[in-house]
Each structure stands twice: as structure tokens, then as C-alpha cells.
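Summary of structural features
Listed below, chain by chain, are the residues.
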Amino acid sequence: MNKPFNGNILKKIKVRKIQFQDYEQIVHLQLLCFPTMKPWNQEQFKNLTKIFPEGQICIEYNGEIIASSCSLVIDSSKYSESSSWKELTDNGYIKNHDETGDTLYGMEMMVHPEYRNMKLARRLYEARKKLAVKINVNKIAIGGRLPNYNTHQNKMNVYDYVMAVTDKKIFDPVLTTQLANGFSLKKVLPDYLPNDKESCGYATYLEWTNFQYRDANERVSSRYVRVAAVQYQMRTVENFEEFASQCEYFVDVASDYRSDFVLFPELITMQLLSFMPTEQPAASARRLSDFTEKYLEFFNNLAIKYNINIIGGSHLHVENENLYNISYLFRRDGSIDKQYKIQITPHEKKWWGVKGGDKIEVFDTDCGKVAIAICYDVQFPELVRIAAAKGAEILFVPYNTDERRGYLRVRYCSQARAIENQMYVVITGCVGNLPKVQNLDIHFSQSAIFTPSDVEFSREGIATEATPNTEMVIYQDLDLRLLKRNREYGTVQHWKDIRNDLFEIIQKNHSAETKSLKKNRIKVS
């Protein structure tokens, strides 16, 4: 029976580091909490307090240790999620403790049976989280026992038991507490502690993400990214140089505002057709490929000259006799990457014969991972889900729409992608007219920068937006740390709450085609 709650006890408890002279008390507590398991031997305990004293924490009340927590730091790349407690802790001797590791691994946590239901475990978890932030590790990982599973093993398998605990149909003193303290369940581990009879050897692997983590190689300013979007006016030009002059002006403006990225609209180079001989639409579109080398050299030089990463809208280019709609990323270090438009509109197929690409790319830049979804692509959630799964934090959407309803399809879908993937989405298009260019003569646009819809962000989920159909530049600072925080602590957590037991999305042979499987599963693999 638990001791009666004493209102003064919380004023008398003390959270402190465990010391070697606490050995007898800690062993006594272990025998009370885990009677079927071996307690620490003296050498193990000596190593804990000597090798990583900051990671060994206890709660003391009137001179008695009533709760404790032990941990070490590991390099997660050296272990799998299925590694046993013995592997992860060097069998409790923690000689594998790595000060340069990325993960604080929780070895053990226990609360005296007579002092439970007093939120002492929460205090220990909070102490661990503060330690994780202090020593700058990426996450806390724990392998949690399932001490009540032995009473249910004849009625259900371990996976059904864990699901029942997660759904709060069954109470498990360890897993229930861990979930309540912000840890995310990753998988079930067999043979984690083979001698743990109460758990039948099973455990759960859980993680807590430190959203304040900063990579040692990361630039100081890289968690704050300034993005700009050019709402570009289509107008007749006399030559490539006039087109280039207009583009450079906007890059200069974005650079003056110290932007890290600037986004141009889809099909921006169609403006070049205004000074070319009138031909059939398909022939005109293919003629643009003649400017590809000049276009690439020009924007590449701009990125270096103005020290800014440029998403150069998109450009029609012929490869192996096929016409593609390609968006190029020009990095400020001089490197170039590209994203092929994957979902081709009926208009592009009919008038120009554009072919679709087969892979959604994620680009690792000096300001984090980004992806590009060209216009129609953003209207297919699977593509963006794959990009988000690959680590994309900002999605750039260059589009080109002729009237408001087409624009709203891009806008609404972009906002949906921002919400469901808990990411930033930047969209921009062209305004103005090109009277001499067939099938691309009028434009409608209202550029915008969207955020997830939650308390950390602007009320409408819109960081900023342009005046409709007016040539202008918008820009905004984006805090990438808020995305991590939102995924862990958001009012709703779309990223974590997706029903992977019903469906999953995987990229198939670098393709984004979907394939229906049994039980309504959707795979893109």
C-alpha cells in the first residue's frame, strides 16, 4: 500500500546526483522494485558514478533514496533499435559511454513502491530532459519494461498488449508513465532483458527528441532561415539579356534583405518565347531547350555573386528526345541540383508533350533540407510525404496558373501539405500577360509562405502573403526549431499519428507511383 500523501513531502524531497556511498540504498531499492532481477554489483555501480556522474540521479526524502535514474551517452549509429540492454550498456558497466554521442540512453528508472503515484518518475524524466539539453544530445532513448505483460500473455500477444496500453485500455506502470512524459513509441523489443520474467523478456523502444539540439557542424544562424519569393510579372522582352536583367534585379533585392533562399515561379523562361518566332506550341516549348546552358550559367553565377540559394522557377528542357519541366536549385556554393516535375497536367501533355519525372528529391543545403514540388505535384500528398520522410523541412512550390480557381488548387493543397507534414511551404507564381505566347497568355498569382496551423505559428497558418496579381517580393524568417517542437508537443501531431497499421508510403524504384495492397494499405515503394 502506498504511503498516505503528505502535503509537505514535496517540500522536503531533494533531487541530486547519485554517489558511490549510495550503493547500499540503491541496491535495496532495486530489490524492492525488481525482485526477480539482479541488482548492480559494486564494479558496475562504481563505473556509473565515475564515468558519467551527471547521468545518475536520485530523489532523496529525509535521508532515504526513494527514486533513481541511471543513464549513459551512446552513438546511436553504432547500435540498432533492436539492440539489447546488455549491448547498449556494456552489460551495465557503461565502458561504452561516449561523450561525443548523440543519444542519452536511459538504463534504469525506479520508484519506491510506497512512494508511487506522487509524480516522482516525472521529476526524474524532467531531470533527464534538462540533462539532454545541457549536454546537447539529439534525443533520449529508453528501453521500457512491460511489468504487467506476464498477467496478460495468455490472452494476447505482446503487440496487442502494447497497443492496448497505448490506447489506455490497459495500465502498465512503465509504458503508461513513459508515454505520459512525452516519449514516442517506436517498436517492441524481444529478448531485451531475458531474465525479466514480469515482462517475459520484452521491452518497448521509445524516444524523446531534444528540439534544442544543435549539431556541432551547424552554422549558428542555420536554425533561422530567411526565405524570399518573387511574384514575377510576365512581360514581353526583346532578348535573353533583358530577361536576365529582370531576374537579377529580384535576386539583388532578396540578397539585400539577407535571404538564404529566393524562389522564382514555374515556367519563368516561357517569357523568352515573346521574342522568338511564333510556332506550334509543342515546337516552341522545345525551342526553350536551346537556352538551357545560358539559363544555368546565368543563375549559377547569380547564386555565387549574391551569396544566396536560388530556386530558379522551372524551365522546359529536352533530354533523350523527351521534354521535361525541371526546377533547378542553384546553391550559393556553386553546385546545382534539379527536380523534375512528376505529375504532368493535362494541359502540359496536350499542348507541349511534357513527360513526368520519377523521383522526389530532398536537397541538403547549408540551411537544412529542402524539397521542390512543381505546381501540380503539390496536389498529390504522397509525393510531399516522401520528401518529409527524407527530412525536408521547407517545401518550395513554383507554380504557374492562369486564373483564380487554378491558383486556389495550388494554395489549398500547399496549406494542407504544411499542416499534415508539419513543415514550411513557400509558393510563388507569375502575374501579367504574354499576348504573343500561345497557351501561356494570362496569369494569376498570390504568393505566400505557409506554416503548420498551431500555437507556435501565426494564427492563420500564413507567415506572409503577397498582394494578388502585383509584381513584388515577399520574405520571412522561418525558425526550423519550431518544427521539431511542433512535431513533439503540437496540439495535434499529424506526423506521429499517421496510422501506419493501416497504410504506409514508400518510394518505389525512385518512382512516386502508388500501388494498392491488401487491407487498404497504400505503398509507394
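Numbering of residues starts from 1 in each chain and follows the order in which that chain's sequence is written. With pLDDT at 70 or above as the cut-off, local features in this predicted model cover only qualifying residues; side-chain atom pairs require 80 or more to be listed or tallied, and sums for whole chains, interfaces and linings still use all residues. Side-chain figures throughout are based on the complete set of non-hydrogen atoms in the structure, without hydrogens or water.

**Some thoughts on the overall build of the protein**
A tally of regular secondary structure across the protein gives 15 helices and 24 strands. The principal-axis extent of the C-alpha atoms belonging to the protein is close to 90 × 50 × 40 Å. Between buried and exposed lies partly exposed: a residue is buried under 20% and exposed over 50% of the maximum accessible area for its type, with that area taken using a 1.4 Å probe on protein chains only. Across the 525 residues that make up the protein, the buried fraction comes to 53%. Taking the intrachain contacts of the protein between residues at least 6 apart in sequence as the baseline, contacts between residues at least 24 apart amount to 69%. Only runs of H or I of at least four residues qualify as helices and only runs of E of at least two qualify as strands under DSSP, and these elements are numbered from the N terminus. Contacts were defined at the residue level, with two residues in contact if any of their heavy atoms lie within 4.5 Å.

**Topic: the packing of helix H12 (residues 381–389) against helix H13 (residues 404–421)**
Put simply, H12 and H13 touch, their axes get as near as 10 Å, and they point 40 degrees apart. Viewed along their axes, H12 and H13 adopt a mutual orientation that is oblique. Where H12 crosses over H13, the handedness of that crossing is right-handed. Contact with H12, carried on its side by Pro381, Val384, Arg385 and Ala388, involves Arg417, Glu420 and Asn421 of H13 and no other residues of that element. Split by residue class, the contact of H12 with H13 holds three nonpolar, one polar and three charged. Only the stretch in contact is used when fitting a helix axis, every axis being a line fitted to C-alpha atoms; angles between N-to-C directions are given from 0 to 180 degrees. Oblique is the label for every angle not falling under 35 degrees (roughly parallel), over 145 degrees (roughly antiparallel), or within 65 to 115 degrees (roughly perpendicular). Note on convention: the crossing is left-handed when the near helix lies turned anticlockwise from the far helix by less than a right angle, right-handed when the turn is clockwise. Gly is put with the polar residues, along with every residue not named as nonpolar or charged; the nonpolar set is Ala, Val, Leu, Ile, Met, Phe, Trp, Tyr, Cys and Pro, and the charged set is Asp, Glu, Lys and Arg.

**Brief notes about helix H8 (residues 240–256)**
Given a helix with a known number of residues, its expected span is that number minus one, times 1.5 Å. Relative to the 24 Å expected for 17 residues at 1.5 Å per residue, H8 spans 24 Å between its end C-alpha atoms, a close match to the ideal helical length. Of the surrounding secondary structure, the elements contacted by the buried residues of H8 are strand S8 (224–234), strand S9 (261–263), helix H10 (292–305), strand S10 (309–311) and strand S22 (472–479). A distance of 3.2 Å separates the backbone nitrogen of Glu241 from a side-chain oxygen at the start of H8, and that oxygen is part of Asn239. Following H8 by one or two positions, Arg258 has its phi on the positive side, about 55 degrees. A 3.5 Å cut-off defines polar contacts: any pair of N or O atoms within that distance qualifies, except that in protein one atom must be a possible hydrogen donor and the other a possible acceptor, and neighbouring residues in sequence count only when both atoms are side-chain atoms.

**Here we look at the side chain of Arg411**
Relative to the elements of secondary structure, Arg411 occurs in helix H13. Take Arg411: its relative accessible area is 9%, and that puts it in the buried class. Among the polar contacts made by the side chain of Arg411, one reaches the side chain of Tyr407 at a distance of 2.7 Å. Reaching out from Arg411, the side chain makes a polar contact with the side chain of Glu465 at a distance of 2.9 Å.

**A few points about helix H5 (residues 120–135)**
Because the α-helix completes a turn every 3.6 residues, residues three or four places apart line up on one side. The end-to-end C-alpha separation of H5 is 23 Å, in line with the 22 Å expected for 16 residues at 1.5 Å each. Residues of H5 that are buried: Leu120, Ala121, Leu124, Tyr125, Ala127, Arg128, Lys129, Leu131 and Ala132. The elements touched by buried residues of H5 are strand S2 (57–61), strand S3 (64–74), strand S4 (103–111), strand S5 (139–145), helix H7 (175–180) and strand S7 (203–209). Positive phi appears at Asn136, one or two residues downstream of H5, with a value of about 60 degrees.

**Some details on the packing of H8 against H10**
Across the interface, H8 lies against H10 with an axial gap of 11 Å and an inter-helix angle of 25 degrees. In terms of orientation, H8 and H10 fall into the roughly parallel class. The chirality of how H8 crosses H10 is right-handed. Mapping the contact onto sequence places Phe240, Glu241, Ala244, Cys247, Glu248 and Val251 in H8 and Lys294, Tyr295, Phe298, Phe299, Leu302 and Lys305 in H10. Residue classes in the contact of H8 with H10 are distributed as eight nonpolar, no polar and four charged.

**Focus on the sheet that holds S5**
Strand order in the open sheet formed by seven strands is S1-S2-S3-S4-S5-S7-S6, and the pairing between neighbours is mixed. In this open sheet, the two edge strands, each paired with only one partner strand, are strand S1 (14–17) and strand S6 (184–189). Strand-to-strand, the axes of this sheet are offset by a mean angle of 25 degrees, without reference to chain direction. Where S6 meets S7, five bridges bridge the pair, whose relative direction is antiparallel. Of the residues in S7, the one forming a bridge with Leu189 is Ala203. With respect to the sheet, H5 is in contact with S2, S3, S4, S5 and S7, its orientation differing from that of S4 by roughly 160 degrees. At least two DSSP bridges between two strands are required for those strands to pair.

**Quick notes on the environment of Pro194**
As for its position among the elements, Pro194 is in the loop between S6 and S7. Residues Pro194 and Gln30 lie 164 residues apart in sequence; the distance between their C-alpha atoms is 17 Å.

**Focus: the sheet that holds strand S18 (residues 424–428)**
Spatially, S15-S16-S17-S18-S20-S21 is the arrangement adopted by the six strands of the open sheet, whose pairing is mixed. With one partner strand each, in any of the chains shown, strand S15 (363–365) and strand S21 (462–465) form the two edges of the open sheet. Each strand axis lies, on average, 20 degrees off the axis of its neighbour in the sheet, ignoring direction. The sheet contact formed by strand S20 (residues 448–450) and S21 spans three bridges and is antiparallel. Paired with Phe450 across the two strands is Ile462, which belongs to S21.

**A few points about the environment of Ile142**
The residue Ile142 is located in strand S5 in this model. Separated by 18 residues in the primary sequence, Ile142 and Asp160 have C-alpha atoms spaced 20 Å apart. Discounting residues that sit within four places of it in the chain, Ile142 has contacts with Tyr105, Gly106, Tyr125, Arg128, Gln178, Phe183, Thr204, Tyr205 and Leu206.

**A short note on the confidence of the model for the protein**
When pLDDT is averaged across the protein, the result is 88; 93% of the residues are at 70 or more. pLDDT measures how confident the predictor is about each residue, on a scale from 0 to 100. Within the model, the stretch residues 218–222 combines pLDDT values under 50 with ten contacts to residues more than four positions away or in other chains. In this model residues 510–525 is a low-confidence stretch, pLDDT under 50, and it forms 44 contacts with partners more than four residues away in sequence or in other chains.

**Considering the pairing of strand S13 (residues 336–340)**
Side chains on a regular strand alternate between the two faces of the sheet. Bridge analysis of strand S12 (residues 322–330) against S13 gives five bridges, and the strand direction is antiparallel. Bridge pairing in S13 places Ile326 opposite Tyr340. In this structure, the hairpin formed by S12 and S13 is closed by a connection of five residues, where Gly334 is found at a positive phi of approximately 100 degrees.

**Side note on the pattern of salt bridges**
Note on definitions: salt bridges are taken to be side-chain nitrogens of Lys or Arg within 4 Å of carboxyl oxygens of Asp or Glu. Under the criterion given, the structure shown has 24 salt bridges. Two residues, Lys338 and Glu319, come together in a salt bridge whose shortest N-O distance is 3.0 Å. Of this pair, Lys338 sits in strand S13 while Glu319 sits in strand S11 (residues 315–319), placing them 19 residues apart in sequence. Overall, Lys338 belongs to the partly exposed group, its relative accessible area being 30%. By sharing partners, the salt bridges in this structure join Arg16, Asp22 and Glu60 into a single network.

**Examining the packing of aromatic side chains**
Each Phe, Tyr or Trp ring (for Trp, its six-membered ring) is paired with any other whose centre lies within 6.5 Å, and the angle between the two planes then decides the class: stacked below 30 degrees, edge-to-face above 60, tilted in between. Enumeration according to the criterion identifies 28 aromatic pairs in this entry. Relative to Phe299, the ring of Phe264 has its centre 5.7 Å away and its plane inclined at 70 degrees; by these criteria the two rings are edge-to-face. Of this pair, Phe264 sits in the loop between S9 and helix H9 (281–287) while Phe299 sits in helix H10, and the two are 35 residues apart along the sequence. The residues Phe264 and Phe299 share a single accessibility class, namely buried. Summarising the aromatic geometry, the rings of Tyr295 and Phe299 are spaced 5.1 Å apart at their centres and angled 65 degrees between planes, so their arrangement reads as edge-to-face. One end of the pair, Tyr295, and the other, Phe299, are both in helix H10, four residues apart, so they sit about a helical turn from each other. Residue Tyr295 shares its accessibility class with Phe299, and that shared class is buried. Linked through ring pairs, Phe240, Phe243, Phe264, Phe275, Phe291, Tyr295, Phe298, Phe299, Tyr328 and Phe330 together constitute an aromatic cluster. For the cation-ring pair, Arg487 lies above Trp495, with the distance from its terminal atom to the ring centre recorded as 4.4 Å. We call a charge positioned above a ring when the Lys NZ or Arg CZ atom is no farther than 6 Å from the ring centre and deviates by at most 35 degrees from the ring normal.

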